[in-house]
Every structure is written in structure tokens, then in C-alpha cells.
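If you want the building blocks of each chain, they are given just below.
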Amino acid sequence: MLALAGYGALAALRAAHAQSAAPRRIGLLLLNAPCPAPRELREALAALGWVEGKTLAFDCVSAVGRIPNIPALAKQLVARRPDLLVSQTLPGIRPLVAETSSIPIVALALADPVGMGLIKSL
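A brief look at the structure comes next. (Residues numbered from 1 in each chain as written. Predicted model: local features only at pLDDT ≥ 70, side-chain atom pairs only at ≥ 80, totals over all residues. Heavy atoms only, no water.)

## Overview of helix α3 (residues 70–79)
Turning to α3, its buried residues number three or more, namely Ile70, Leu73, Ala74, Leu77 and Val78. The buried residues of α3 occupy one face: seen down the axis, they fall within an arc of 130°. Among the exposed residues of α3, those oriented more than 90 degrees off its buried face are Lys75 and Ala79. Along its buried surface, α3 packs onto β2 (24–30), β3 (56–62), β4 (84–87) and α4 (90–99). A positive phi of about 55° marks arginine 81, the residue just after α3. (Buried < 20%, exposed > 50% of the residue type's maximum accessible area, 1.4 Å probe, protein only. Helix = DSSP H or I, 4+ residues; strand = E, 2+ residues; numbered from the N terminus. Arc of directions from axis to C-beta. Contact = heavy atoms within 4.5 Å.)

Here it is, written out as C-alpha cells:
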């Protein structure tokens, strides 16, 4: 399942949160930046009422520019069974899609996921 931008993340988190009061876990696969989660993402979710450490926890892995490491990092992240997976672009999304069809995936910056063969339709 591939969702787009923040709306997909919010919907997936709300659905998961309705089932449990435990903090929701977002698995974040970064390509070039080191962890933790980007400030902009944390602030956007906080503005929607998701409080890091209370209702939300990030599980972040980063390839730190080592592109060949991305598939192994995606596999590790999926094995941790977060409630939601997030990555920025195609090199991060493709390995996540290859590893799971049961965890929602949010792409932060994809122009044409249908044309890229990631999803069948919008």
C-alpha cells in the first residue's frame, strides 16, 4: 500500500491509533541525511496533534548516501513492524514496496507513482 504525502500518513496513523493507545511507530528510511527524523516532518505531525514520545515514535534508519545499503536497511526496518513506513524518493520507496504489502508506505516526494509502477491507480 503506497500513500502520498502527509494525508496518507495522517489517515494511516489515525486508523492505527484508533485500535490502541500505545504510541504509533513510524519507520523512516532516509537516503542521505542522518537520523533523527527531519524537523519539518516532526513539526507537521505535531501540528496535527501527534506528540513525539507520547502518541508517536520514530524508528529511523539512514543510508547516509550509501545507496547500495538501502535494500538491507529497508528489510531491517520492515522487520521491526512499524505502523507506517516513510521515505522520500524512489530509491527509498522501491525497496520498502518490495519488502511489504501489509504496512502502509508514504512517499514524501514522488511525481508519478502510477507511471513508476508502484501503484495501480491513484
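## Points about the nonpolar core
Membership of the largest hydrophobic core comes to 17 residues, with the highest contact counts inside it found for Leu29, Leu85, Ile93 and Leu96. Among the secondary structure elements, those contributing two or more residues to this core are α3, α4 and β5 (105–107). If you tally residues by element for this core, the top one is α3, at 5 residues. If near-sequence neighbours (up to four positions away) are discounted, leucine 85 is found in contact with Gly27, Leu77, Val78, Leu96, Thr100, Ile103, Pro104, Ile105 and Val106. (Core = buried A, V, L, I, M, F, W, Y, C linked by side-chain atoms within 4.5 Å.)

## Side note on the environment of glycine 92
The residue glycine 92 is located in helix α4 in this model. Every residue in contact with glycine 92, bar those within four places of it in the chain, is listed here: Leu29, Leu31, Ile70 and Ser87.

## Let's talk about the pairing of β2
Side chains on a regular strand alternate between the two faces of the sheet. Among the 7 residues in β2, 6 count as buried, and that is most of the element. Of the pairings in the sheet, the one linking β2 to β3 comprises 7 bridges and is parallel in character. Across the sheet, residue leucine 28 finds its bridge partner in β3, namely cysteine 60. One crossover worth recording links β2 to the parallel β3 by way of helix α2 (residues 39–47), and it is right-handed. Pairing geometry for β2 and β4, over 4 bridges, is parallel. Note that in β4 the partner of leucine 29 across the bridge is serine 87. (Pairing = 2+ DSSP bridges. Right-handed = clockwise from strand over helix to strand, strands pointing away.)

## Overview of the pairing of β4
Side chains Leu84 and Val86 of β4 all project onto a buried face; the interleaved residues Leu85 and Ser87 project onto the opposite face, where all are buried too. Strand direction decides the pairing type here: β4 and β5, joined by 3 bridges, are parallel. Bridge pairing links leucine 85 to isoleucine 105 in β5. Note on the crossover from β4 through α4 to β5: the handedness is right-handed.

## Observations regarding the pattern of salt bridges
The tally for this structure, following the rule as stated, stands at 5 salt bridges. Salt-bridge contacts for arginine 39 lead to glutamate 43; the nearest nitrogen and oxygen are separated by 3.2 Å. A residue pair is termed a helical-turn pair when its members lie 3 or 4 positions apart in one helix, as arginine 39 and glutamate 43 do in helix α2 at 4 residues. In this structure, glutamate 52 and arginine 42 form a salt bridge, with 3.5 Å as the shortest nitrogen-oxygen distance. Here glutamate 52, found in the loop between α2 and β3, pairs with arginine 42, found in helix α2; they are 10 residues apart in sequence, far enough to count as distant. With a relative accessible area of 45%, glutamate 52 lands in the partly exposed category. Using a relative accessible area of 27% as the deciding quantity, one classes arginine 42 as partly exposed. Because the salt bridges share partners, they merge into one network encompassing Arg39, Glu40 and Glu43. (Salt bridge = Lys/Arg side-chain N within 4 Å of Asp/Glu carboxyl O.)

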